[in-house]
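# Coordinate inspection notes
If you want the building blocks of each chain, they are given just below.
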Amino acid sequence: MNTNKPVWQGAGRRIHMQEVGTRDGLQAEAAFVPTEDKIALVNALSEVGLAKIEVTSFVSPKAIPALRDAEQVLREIRRQPGIVYTALVPNVRGAERAVESKADELNLVMSASESHNVSNLRMTRERSYAGLSEVVRAVQGTGVAINVSLSCAMGCPMEGDVPMPVVLDWCHRYVEELGAGGVTLCDTTGMAYPTQVAELTRLFRERWPHTELTLHFHNTRGMGLANVLAAIDAGADRFDASLGGIGGCPYAPGASGNVCTEEVVHALALMGYDTGVDLPRLMAAARQLPGLIGHEVPSQILKAGRRLDLHPRPVVGDEIALRSASR
Ligand code: COA
Ligand code: ZN
């Protein structure tokens, strides 16, 4: 009998990994990463087997100066077939810029909480919805896909819990009134916990089994990976994650990094899930980050190595090793 058999097996179930490091990650950095380095990073990420890459955001350059080169980055990356290249869009102006730059998908953003919407986007949720409805109508029939990201869907740093019926009502409006193809439930400031995540995922899946559902977690309180596993168990198969675990919304108090792509991929591979991601190549891309942003990244896998990246055994003749072995 193989006693090393994993206790909980993914049995080859497909989990789609979506990289947000060049958007959620770089938006939070003080340093401006040069445009050609951003392009090279996206090109490297295009080689590792991710399902989707959120390349950048088309927001006000005054709000997020770090991504003021969005057009050039999206236009000059080398695209690989099968990968969806998406970009975050807060309003009609952003949608126009993203479509001109040939985004495959617009990731429309608003917050499930009024306070965070006003803080982040400087308008009410209803005004956001009106503007984003205009965007959806404008791109209908053009082949550009629409995903909607609901920030603070599992808690708001200013209001506390956002009731699930409120979150599901916004999902209803986007999916059923506007026909959005996908929804991302974002835990913008790491307030989500596993049982909550499981319930929200299950409720969404029951109501909209054919809508693409993404879960977007931040590891602010150390629950990121636990939340991913709880969501998978409840029927989710798509996750945003950020290279190196960088990231965070500059307009949400106390925000910090996303779940780390290489940590999630590493854990899911051990459990038998099929992410399609080449972990060594992903880790090689992540190793470039400190040089680009000027500081260490939260990724624990980068520091510790993979589970079976073993270390040399003590050499025979090493007195300390021999003494403890003979005890
Ligand atoms: N892209 C580029 N410029 C934009 C823009 C966009 N999508 N939307 C607005 N602008 C410009 C306007 O042209 C105007 O420029 P001007 O000052 O030179 O005339 C200026 O920004 C202000 O426009 P206004 O419509 O009054 O926006 P605002 O100041 O109320 O800000 C947002 C609203 C949504 C544009 C801004 O809050 C924003 O970009 N937020 C995004 C924050 C973010 O990315 N957070 C993290 C990700 S969740
Ligand atoms: Zn985020």
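Residues numbered from 1 in each chain as written. Chains lettered and ligands numbered in written order. Predicted model: local features only at pLDDT ≥ 70, side-chain atom pairs only at ≥ 80, totals over all residues. Heavy atoms only, no water.

On to the coordination of the zinc ion (ligand 2). Coordination angles at a metal have ideal targets, namely 109.5 degrees for four tetrahedral donors and 90 or 180 degrees for six octahedral donors. Coordination of the zinc ion (ligand 2) by the protein involves Asp24 (OD), His216 (NE2) and His218 (NE2), with metal-donor separations of 2.0 to 2.1 Å. Summarised as a motif, the one-chain spacing of the donors to the zinc ion (ligand 2) is D-x191-H-x1-H. A residue pair is termed long-range when its members are at least 10 positions apart, and aspartate 24 in helix 1 (residues 21-25) and histidine 218 in the loop between strand 7 (212-217) and helix 9 (224-233) qualify at 194 residues. (Donors = N, O, S within 2.8 Å, 3.2 Å for Na, K, Ca; no water. Helix = DSSP H or I, 4+ residues; strand = E, 2+ residues; numbered from the N terminus.)

With that settled, the discussion passes to the site of ligand 1. Contacts to ligand 1 come from 19 residues, most closely from Ser60, Lys62, Asn91, Arg97 and Asn120. Valine 59 is positioned with one of its backbone polar atoms (N or O) 3.2 Å from a nitrogen atom of ligand 1. Within the contact set of ligand 1, a nitrogen atom lies 2.7 Å away from a side-chain nitrogen or oxygen of arginine 97. Calculation on ligand 1 without its partners gives an accessible area of 930 Å², and the protein chains cover 68% of this total. Listed by contribution, the elements that provide at least two residues to the shell around ligand 1 are helix 4 (92-100) and helix 5 (114-121). By residue class, the composition of the shell around ligand 1 is nine nonpolar, five polar and five charged. (Near = heavy atom within 4 Å. Polar contact = N/O pair within 3.5 Å; in protein donor to acceptor, adjacent residues only side chain to side chain. Areas by Shrake-Rupley, 256 points an atom, 1.4 Å probe, with all protein chains shown as cover. Nonpolar A, V, L, I, M, F, W, Y, C, P; charged D, E, K, R; others polar.)

This part covers the pattern of salt bridges. The full count for this structure, using the stated rule, is 13 salt bridges. Salt-bridge contacts for arginine 97 lead to glutamate 71; the nearest nitrogen and oxygen are separated by 2.7 Å. With a gap of 26 residues between them, arginine 97 in helix 4 and glutamate 71 in helix 3 (residues 70-76) connect regions that are remote in the sequence. On the basis of relative accessible area, arginine 97 is assigned to the buried category, the value being 9%. Taking the shortest distance from any N to any O, the salt bridge between arginine 93 and glutamate 96 comes out at 4.0 Å. With arginine 93 and glutamate 96 both in helix 4 and three residues apart, this pair spans about one turn of that helix. Three or more residues joined by partner-sharing salt bridges are found here, namely Lys52, Glu105, Glu212 and Arg238. (Salt bridge = Lys/Arg side-chain N within 4 Å of Asp/Glu carboxyl O. Buried < 20%, exposed > 50% of the residue type's maximum accessible area, 1.4 Å probe, protein only.)

It is worth spelling out the state of the cysteines at this point. One pass over the structure, following the stated rule, counts zero disulfides. Of all cysteine sulfurs in the structure, the one in cysteine 186 sits closest to cysteine 171, which takes part in no disulfide; the separation is 10 Å. For cysteine 171, a relative accessible area of 0% corresponds to the buried category. On the accessibility criterion, cysteine 186 (5% relative accessible area) is buried. (Disulfide = S-S within 2.5 Å.)

This brings us to the packing of helix 7 (residues 164-177) against helix 8 (residues 194-207). Where helix 7 meets helix 8, the closest approach of the two axes is 11 Å, and the angle between their N-to-C directions is 35°. In this structure, the crossing between helix 7 and helix 8 has a hand that is right-handed. Contact with helix 7, carried on its side by Met164, Val167, Leu168, Cys171 and His172, involves Gln196, Glu199, Leu200, Leu203, Phe204 and Arg207 of helix 8 and no other residues of that element. Grouping the constituent residues of the contact of helix 7 with helix 8 by class yields seven nonpolar, two polar and two charged. (Axes fitted to C-alpha atoms, helices over the stretch in contact; angles between N-to-C directions. Left-handed = near helix turned anticlockwise from the far one by under 90°. Contact = heavy atoms within 4.5 Å.)

On to the side chain of histidine 16, then. With respect to the secondary-structure elements, histidine 16 resides in strand 1 (residues 16-19). Residue contacts for histidine 16: discarding those within four places in its chain leaves Ala51, Asp237, Arg238 and Phe239.

A word on the sheet that holds strand 6 (residues 182-187). Strand order in the closed barrel formed by eight strands is 1-2-3-4-5-6-7-8, and the pairing between neighbours is parallel. The sheet shows a mean angle of 25° between the axes of neighbouring strands, taken without regard to direction. Two strands pair when backbone bridges link them, and strand 2 (residues 52-57) and strand 3 (residues 84-89) are joined in this way by five bridges, in the parallel orientation. The residue bridging threonine 56 from the neighbouring strand is alanine 87, located in strand 3. Most of the contacts of helix 7 go to strand 5 (residues 145-151), to which it runs at about 165°, and overall it touches strand 4 (105-111), strand 5 and strand 6. (Pairing = 2+ DSSP bridges.)

To continue, consider unusual backbone geometry. Positive phi is not limited to glycine here, since alanine 11 has a value of about 50°. When its relative accessible area of 68% is taken as the criterion, alanine 11 is described as exposed. A positive phi angle is found at lysine 102, which is not glycine, with a value near 65°.

This part covers the packing of aromatic side chains. Per the stated rule, a full pass over the model turns up three aromatic pairs. Here the aromatic rings of phenylalanine 204 and tryptophan 208 are separated by 4.9 Å at their centres, their planes lie at 55°, and the arrangement is tilted. Residues phenylalanine 204 and tryptophan 208 agree in their burial class; the two are buried. For arginine 68, the ring lying beneath its charged end belongs to phenylalanine 32, and the centroid distance is 4.0 Å. Arginine 173 extends its terminal NZ or CZ atom over the ring of tyrosine 129, reaching a point 4.1 Å from the ring centre. (Phe/Tyr/Trp six-rings, centres within 6.5 Å; stacked < 30°, edge-to-face > 60°. Lys NZ or Arg CZ within 6 Å of the ring centre and 35° of its normal.)

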